[in-house]
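Examining the three-dimensional arrangement
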Amino acid sequence: MDDKVRLVLIYGSVREGRLCDSVVNWVREEIAQRSEFELTLVDPARLQRPAVDDEAAVAVRHGYLQQLARADAFLIVTPEYNHGYPAALKQLIDEVPISWEARPVAFVSYGGQSGGLRAVEQLRQVLAEMHATTVRNSVSFSNAWEQFDEQGRLAQPGHARSALARTLVQLNWWALALREGRRRSPYERVRG
Ligand SMILES: Cc1cc2nc3c(=O)[nH]c(=O)nc-3n(C[C@H](O)[C@H](O)[C@H](O)COP(=O)(O)O)c2cc1C
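Rules used in this analysis
Residues numbered from 1 in each chain as written. Predicted model: local features only at pLDDT ≥ 70, side-chain atom pairs only at ≥ 80, totals over all residues. Heavy atoms only, no water. 1 Å grid on protein atoms, 1.4 Å probe; cavity = no way out; pocket = protein on both sides within 12 Å on 5 of 7 lines; lining within 4 Å. Points joined across faces, edges and corners; volume = space filled by probe spheres on them. Helix = DSSP H or I, 4+ residues; strand = E, 2+ residues; numbered from the N terminus. Nonpolar A, V, L, I, M, F, W, Y, C, P; charged D, E, K, R; others polar. Near = heavy atom within 4 Å. Polar contact = N/O pair within 3.5 Å; in protein donor to acceptor, adjacent residues only side chain to side chain. Areas by Shrake-Rupley, 256 points an atom, 1.4 Å probe, with all protein chains shown as cover. Phe/Tyr/Trp six-rings, centres within 6.5 Å; stacked < 30°, edge-to-face > 60°. Buried < 20%, exposed > 50% of the residue type's maximum accessible area, 1.4 Å probe, protein only. Contact = heavy atoms within 4.5 Å. Core = buried A, V, L, I, M, F, W, Y, C linked by side-chain atoms within 4.5 Å. Pairing = 2+ DSSP bridges. Right-handed = clockwise from strand over helix to strand, strands pointing away.

A short note on the layout of surface pockets
- By volume, the largest pocket amounts to about 160 Å³.
- With 5 residues, helix 1 (residues 20-32) is the single largest residue contributor to the lining of the largest pocket.
- Residue composition of the lining of the largest pocket, by class: 3 nonpolar, 4 polar and 4 charged.

Quick word on the site of the ligand
- Near the ligand there are 16 residues, and of these Ser 13, Arg 15, Tyr 81, Tyr 110 and Gly 112 occur at the shortest range.
- At 2.6 Å, a side-chain N or O of Tyr 110 approaches an oxygen atom of the ligand.
- Compared with its free state, where it exposes 620 Å², the ligand has 74% of that area covered by protein.
- Considering only residue class, the shell around the ligand consists of 6 nonpolar, 6 polar and 4 charged.

Looking at the packing of aromatic side chains
- On inspection of all chains with the given rule, the structure shows 4 aromatic pairs.
- On the numbers, 5.6 Å between centres and 80° between planes, the contact of Trp 26 with Phe 141 is edge-to-face. One end of the pair, Trp 26, is in helix 1; the other, Phe 141, is in strand 6 (residues 139-141), with 115 residues separating them in the sequence.
- Under the relative-accessibility criterion, Trp 26 is labelled buried at 6%.

Things to note about the environment of Gln 170
- Looking at the secondary structure, you find Gln 170 in helix 7 (residues 158-184).
- Through-space distance from the C-alpha of Gln 170 to that of Arg 136 is 8.0 Å; in sequence the pair is 34 residues apart.
- Not counting residues up to four positions away in its chain, the partners in contact with Gln 170 are Val 135, Arg 136 and Asn 137.
- A distance of 3.2 Å separates a polar atom in the side chain of Gln 170 from a polar atom in the side chain of Asn 137.

Some details on the nonpolar core
- Ranked by size, the top nonpolar core spans 29 residues in total, and within it Trp 26, Leu 75, Val 77, Val 108, Val 139 and Phe 141 carry the most contacts.
- Those elements that provide at least two residues to this core are strand 1 (5-11), helix 1, strand 3 (73-79), strand 4 (104-110), strand 6 and helix 7.
- Phe 74, Leu 92, Val 96 and Leu 127 belong to the second-largest nonpolar core, a separate cluster that totals 24 residues.

What to know about the pairing of strand 2 (residues 37-42)
- Note that strand 1 and strand 2 share 6 bridges and pair parallel. The residue bridging Ile 10 from the neighbouring strand is Val 42, located in strand 2.
- Note on the crossover from strand 1 through helix 1 to strand 2: the handedness is right-handed.

The quantities given are spatial measurements derived from coordinates; they are silent on function.
Encoded structure:
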């Protein structure tokens with residue numbers, strides 16, 4: 001199989017003025033230099049349940065949900081809030097249960113001292129329940145607001161770049177293995 005892995009990147013924060021935009025922009029630029037992924041962004045801030053007569057908003061939401069269902073792999077970019085992950089992320093995970101099944105999920109996290117790792121560990125528990133596989137390696141930014149400058153650029157990208165590269169290699173491996181597995185035998189047969 002030589003078709004690209006359909007990678008869906010999910011914003012964890014829906015906060016006004018969020019740092020998430022800077023982190024996602026950096027991740028996007030890094031992924032753009034690689035050839036194995038077809039990247040789609042899903043932003044829960046744009047997924048709020050629209051009024052039924054708001055056709056444009058309904059269409060955006062429908063398109064997003066379809067992207068999630070088509071994904072081969074996920075990359076969640078999440079901050080840590082009160083030692084957990086943001087509520088908007090949980091809402092999204094709960095809303096599209098089938099999308100996660102037999103798919104790998106990797107993380108880029110950020111926060112204070114912990115670099116968002118407590119949020120990631122909680123997400124691993126939740127995603128196991130959704131029949132997803134989480135990737136061992138991740139990228140983590142401690143005191144993230146000190147690492148991105150006023151233009152949203154990462155001041156010293158060296159370590160983060162190598163951590164992301166390792167994470168993406170693992171994510172790609174799992175995505176190809178699980179895509180092949182789903183083709184050979186639909187996951188519904190073993191879901192129970
Ligand atoms: C409500 C709230 C709770 C937070 N709790 C934590 C926390 O428990 N641990 C931590 O490391 N950072 C915590 N922070 C700091 C955030 O991780 C940091 O502000 C981050 O930039 C938030 O991401 P965002 O700007 O993309 O929303 C908290 C921030 C907010 C707004």
